[in-house]
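# Understanding the architecture of this molecule
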There are 2 protein chains.
Amino acid sequence: MTKNKDSLTNISELGEFALIDKITENFDSKHKSTVKGIGDDAAVIDNGDNQNCTIITKDIFSENVHFDITYVPLKHLGYKAVIANLSDIFAMNGTPTHIFAGIAVSSRYSVEAVEEIYSGIKLACDKYNIDLAGGDTTSSKSGLFISITAIGNAKKENVVYRDGAKENDIICVSGDLGAAYAGLLILEREKQVFKANPEMQPKLDQYNYVLERQLKPEAGANIIKILNELNIKPSAMIDISDGLTSEIKHICKNSNCGASIYEEKIPISNKTIEVAREFQIDPVTFALNGGEDFELLFTINQKDYEKIKEVKEISVIGHIDDKSEGEKLIATSGNAIELIAQGWDSFKIEKQ
Amino acid sequence: MTKNKDSLTNISELGEFALIDKITENFDSKHKSTVKGIGDDAAVIDNGDNQNCTIITKDIFSENVHFDITYVPLKHLGYKAVIANLSDIFAMNGTPTHIFAGIAVSSRYSVEAVEEIYSGIKLACDKYNIDLAGGDTTSSKSGLFISITAIGNAKKENVVYRDGAKENDIICVSGDLGAAYAGLLILEREKQVFKANPEMQPKLDQYNYVLERQLKPEAGANIIKILNELNIKPSAMIDISDGLTSEIKHICKNSNCGASIYEEKIPISNKTIEVAREFQIDPVTFALNGGEDFELLFTINQKDYEKIKEVKEISVIGHIDDKSEGEKLIATSGNAIELIAQGWDSFKIEKQ
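Residues numbered from 1 in each chain as written. Chains lettered and ligands numbered in written order. Predicted model: local features only at pLDDT ≥ 70, side-chain atom pairs only at ≥ 80, totals over all residues.

### Comments concerning the overall build of chain A
What counts is decided by this rule: Think of it this way: any DSSP run of H or I at least four residues long counts as a helix, any run of E at least two long counts as a strand, and we number them from the N terminus. Only C-alpha atoms enter the radius of gyration; for comparison, a globular chain is expected to reach 2.2 Å times N to the power 0.38, where N is the number of residues. Exposure classes come from backbone-placed C-beta atoms, where a residue is buried if 20 or more other C-beta atoms lie within 10 Å of its own, exposed if 12 or fewer do, and partly exposed in between. Working definition of a contact: two residues with C-beta atoms, positioned from the backbone, lying within 7 Å.
Of regular secondary structure, chain A possesses 12 helices and 13 strands. Since a compact globule built from 352 residues should have a radius of gyration of about 20 Å, the 21 Å found for chain A is in line with a globular shape. Seen through its C-alpha atoms, chain A measures out along the principal axes to roughly 55 × 50 × 50 Å. By the burial criterion, 54% of the 352 residues in chain A qualify as buried. Taking the contacts inside chain A whose residues are at least 6 apart along the sequence as the reference set, 84% of them involve residues at least 24 apart.

### A closer look at the interface of chain A and chain B
Each partner contributes residues to the interface: chain A has 78 residues there, and chain B has 79 residues. If you tally residues by element for the side of chain A that touches chain B, the top one is strand E5 (residues 131-139) of chain A, at 9 residues.

### Concerning the sheet that holds strand E11 (residues 314-321) of chain B
Residue and element names in this part refer to chain B. How we decide: Each pair of strands is called paired provided DSSP finds at least two bridges between the two strands. Fitting a line to C-alpha atoms yields each axis, with helices limited to the stretch in contact; the angle taken between N-to-C directions then spans 0 to 180 degrees.
Taken in spatial order, the 7 strands line up as E8-E10-E7-E11-E9-E12-E13 in an open sheet, and their pairing is mixed. Either end of the sheet is taken by a strand with one partner, and the two such strands are strand E8 (236-240) and strand E13 (336-338). The mean inter-strand angle of the sheet, taken between neighbouring strand axes irrespective of direction, is 25°. Strand direction decides the pairing type here: strand E12 (residues 327-330) and E13, joined by 3 bridges, are antiparallel. Across the sheet, the residue bridging to Leu 329 is Ile 337, located in E13.

### Let's talk about the relation of the copies chain A and chain B
Using the following cut-off: Copies are brought into register by a least-squares superposition over C-alpha atoms of residues with pLDDT of at least 70 in both.
When chain A is fitted onto chain B, the two copies agree to an RMSD of 0.0 Å after a turn of 180° and an axial shift of 0.0 Å. The operation mapping one copy onto its partner corresponds to a two-fold rotation axis. The position closest to the rotation axis in chain A is occupied by the C-alpha of A:Asp49, lying 2.4 Å away.

### Re the confidence of the model for chain A
Short version of the rule: Per residue, pLDDT measures the predictor's confidence, with a range of 0 to 100.
Taken over all residues, the pLDDT of chain A has a mean of 93, while the share at 70 or more is 96%. Reported confidence for the predicted complex is 0.92 by ipTM and 0.93 by pTM.

### Digging into the packing of helix H5 (residues 179-196) of chain A against helix H9 (residues 270-278) of chain A
Residue and element names in this part refer to chain A. Filter applied, for reference: Angles below 35 degrees are treated as roughly parallel, those above 145 as roughly antiparallel, those between 65 and 115 as roughly perpendicular, and all remaining angles as oblique. By definition, turning the near helix anticlockwise from the far helix through less than a right angle yields a left-handed crossing, and turning it clockwise yields a right-handed one. Amino acid classes used here: Ala, Val, Leu, Ile, Met, Phe, Trp, Tyr, Cys and Pro are nonpolar; Asp, Glu, Lys and Arg are charged; the rest, including Gly, are polar.
Remark: H5 packs on H9, axes separated minimally by 9 Å, with the N-to-C direction vectors making an angle of 45°. Comparing the axis directions of H5 and H9 gives the class oblique. Viewed along their axes, H5 and H9 form a crossing whose handedness is left-handed. Seen from H5, the contacting residues are Ala 179, Ala 182, Leu 185 and Ile 186; seen from H9, they are Lys 271, Thr 272, Val 275 and Ala 276. Broken down by class, the residue content of the contact of H5 with H9 amounts to 6 nonpolar, 1 polar and 1 charged.

### Some words on the domain arrangement of chain A
Convention followed: As used throughout, domain bounds are those supplied by an automatic or database domain assignment.
Its domain assignment divides chain A into domain 1 (28-158) and domain 2 (170-347). Tallied by class, residues from the side of domain 1 of chain A that touches domain 2 of chain A come to 10 nonpolar, 6 polar and 3 charged.

### Quick look at the pairing of E11(B)
Residue and element names in this part refer to chain B. Sheet analysis places strand E7 (residues 170-174) next to E11, joined by 5 bridges and oriented antiparallel. Within E11, the position partnered with Val 173 by the bridge is Ser 315. Taken together, the 4 bridges between strand E9 (residues 258-262) and E11 define a ladder with antiparallel strand orientation. Residue pairing across strands places Ala 259 opposite Ile 320, the latter belonging to E11.

### Looking at helix H2 (residues 16-24) of chain B
The following threshold applies: By arc we mean the arc of the directions from the helix axis to the C-beta atoms, nothing more.
Taken together, the buried positions of H2(B) are B:Glu16, B:Leu19 and B:Ile23. In an axial view of H2(B), the angular spread of the buried residues amounts to 60°, which keeps them on one side of the axis.

### Comments concerning the environment of B:Glu327
Residue and element names in this part refer to chain B. Position of Glu 327 among the secondary structure elements: in strand E12. We classify Glu 327 as buried; it has 22 C-beta atoms within 10 Å. Along the backbone, Glu 327 and Thr 24 are 303 residues apart, and their C-alpha atoms lie at a distance of 26 Å.

### Side note on the sheet that holds E5(A)
Two orientations exist for strands paired in a sheet by backbone hydrogen bonds: parallel and antiparallel. Residue and element names in this part refer to chain A. Spatial ordering of the open sheet is given by E1-E2-E3-E6-E4-E5, a layout of 6 strands whose pairing is mixed. Sheet topology places strand E1 (34-36) and E5 at the edges, where each strand pairs with a single neighbour. Taken pair by pair, the neighbouring strands of this sheet meet at an average axis angle of 20°, ignoring direction. Two elements, strand E3 (residues 52-62) and strand E6 (residues 145-155), share 11 bridges in a ladder whose sense is antiparallel. When the sheet's bridge partners are listed, Cys 53 is paired in E6 with Ala 154.

### Concerning the packing of helix H3 (residues 74-90) of chain A against helix H4 (residues 111-127) of chain A
Residue and element names in this part refer to chain A. Orientation of H3 relative to H4, taken along the N-to-C sense of each, is 45°, at an axis distance of 6 Å. Taken as axis vectors, H3 and H4 run oblique relative to one another. Between H3 and H4 the crossing geometry is right-handed. Where H3 approaches H4, its residues Leu 74, Lys 75, His 76, Leu 77, Gly 78, Tyr 79, Val 82 and Ile 83 are matched on the opposing element by Ala 113, Glu 116, Ile 117, Tyr 118, Ser 119, Gly 120, Ile 121, Leu 123, Ala 124 and Cys 125. In terms of residue class, the contact of H3 with H4 is made up of 12 nonpolar, 4 polar and 2 charged.

### Some details on the environment of B:Asn289
Here B:Asn289 is to be found in helix H10 (residues 283-289). B:Asn289 sits 16 residues away from B:Tyr305 along the chain, and the two C-alpha atoms are 27 Å apart.

### As for H4(A)
Residue pairs three or four apart in sequence face the same way in an α-helix, which turns once every 3.6 residues. As a reminder, the rule being used: Multiplying one less than the number of residues by 1.5 Å gives the expected span of a helix.
Given a rise of 1.5 Å per residue, 17 residues ought to cover 24 Å, and the 24 Å separating the end C-alpha atoms of H4(A) matches this to within 8%. Within H4(A), the full set of buried residues consists of A:Val111, A:Val114, A:Glu116, A:Ile117, A:Tyr118, A:Gly120, A:Ile121, A:Lys122, A:Ala124 and A:Cys125. Residues of H4(A) that are buried make contact with H3, strand E4 (95-105) and E5 of chain A together with helix H1 (11-14) and H2 of chain B. Among the residues trailing H4(A), A:Asn129 stands out with phi positive, at a value near 60°.

### Some details on unusual backbone geometry
For A:Asn168, which is not glycine, the phi torsion reads 80° and is therefore positive. Topologically, A:Asn168 is positioned in the loop between E6 and strand E7 (170-174). With phi around 55°, B:Phe294 is a residue other than glycine that occupies positive phi space. Assignment of secondary structure puts B:Phe294 in the loop between H10 and strand E10 (295-300).

Here it is in structure tokens:
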């Protein structure tokens, strides 16, 4: 590096997505087997088989950035790290089959602690029928880092990307949104209470639903199964890891379109609404900007509406527009509000 | 965890390989596509294609454990992280095609620093004809972590595992050993000199070879090509990342055999011998216990000896014995010495 220190750029000024664009812009694709490289939930590689392709994704989780072990049990942490990656495979309409687990731990962690993390990894593998096929276990000078790579497959013609949404397509979401963020707020609050008075025993029973959504999320295997049974191939799909706004903007950017989301249609659990009220925050904010729901956001052709409208696990929340319309939230009042991504960004968080 | 703190086990007591055995012992294989899971240089997955299979490996590199950025240029770091993974794919007799790069960086790193790392990753991708197909870029509270996943392929019948060595097979190694460790010693010494007197300008020209082997190693693409051209399929193969002793012991454990290595046959560069003399260490120790050479250690049937004996890139260093013989170094004096692994272990290092 020839620049002097004053002219260097803080990563937090750029944010995660702009950084990724910048560092990967010079990479070209050399293999025609690379059907999809950077820029979707997962990569798609044509492995030479006539029918099937391989789907691959990878995530890193850093201590005190993505998780806080003062309130996240290590077993849950291992489980969740796997789920976050399986979710990316499902978001391509694929079936995950294998994971690789990389863990770097500081000397603060015992053998038993690492075993706890792996017991969570095993639980996720057993539940989702996944083989742990390899990885790396090494030491870190400070903190715990978990990097999971998930591998899956799909028939070539069934893979769903972010870039296939068309004007008038219907926007759907699975499950309910914002609960994981509600759970995080509760855990953060109880941590502060505990710090102030370690004798205080938290009463958390009433928050079970949102805590479970934060600590032990599930990935969209059942949604992929339902779509398959209904013979619906979404035109575009993404998993909700950074909040609804951030994800709808990814679909619009990649599909070169606009979108309207109806506030009243966004599925939010009563349990999430109760927490939002406690914190005096609009629950819709949880859904739009909270992260880690690991629900699936997808678009379908209008002709498939009849098939999907009675499915209780899926909500229709809006429609795809022309690009000139931008991305809008249609408020319950009828006003259209431009959607601005305030989703979770690990580099922005650090700046605070 | 129900144990109290006093009864917890330090990871450094166990070491990396025993830890991996312990945490993975309960995982079962659910997919018949998992040809090889944990326990080799890389995993092998049958992707349904009649001829080919997919080979996958993953490594994590932690700051101040695997590298020290006070003397490792970031571009070299990116390059080396890729090479270490490609080396694992070559060690299965496979051809690497894709990598996924995960990076966690603290706020101490600038955008320009991350770009430097990626420029090294790109250089390795271009040189070895690899597509960067995805990854994750996120923040860490402290330090830099790089996790690379490499994907490759091979014809099913061509994959070479660690477990195929047979009694009387010939043990071969590519290139020369110990140079990367010699380079590390020089860099560590210069760091101490610089700390004591920052005005001191290091004179490193005479160490170029060993420094390059430490800072910008290469993976065994050319060796795989040579073996292929000679129509030789090794009976067992592994890459040398933790020192010759550690790797020969892996082959013997997996192949259920013993081995004799002849001290005088171990290829060591004159440049490495010079550094060993400076430090008053036996150069054979560098080869046996130093790491990161990324050369290939493999065994071949005696019938292939004639084909290989004149290949300058490959040295014959010993033979496979019955298991009861154990793993021995036959010293130049003729004495047989039991090989004891003192190879690099990130958890043991930390303890020091």
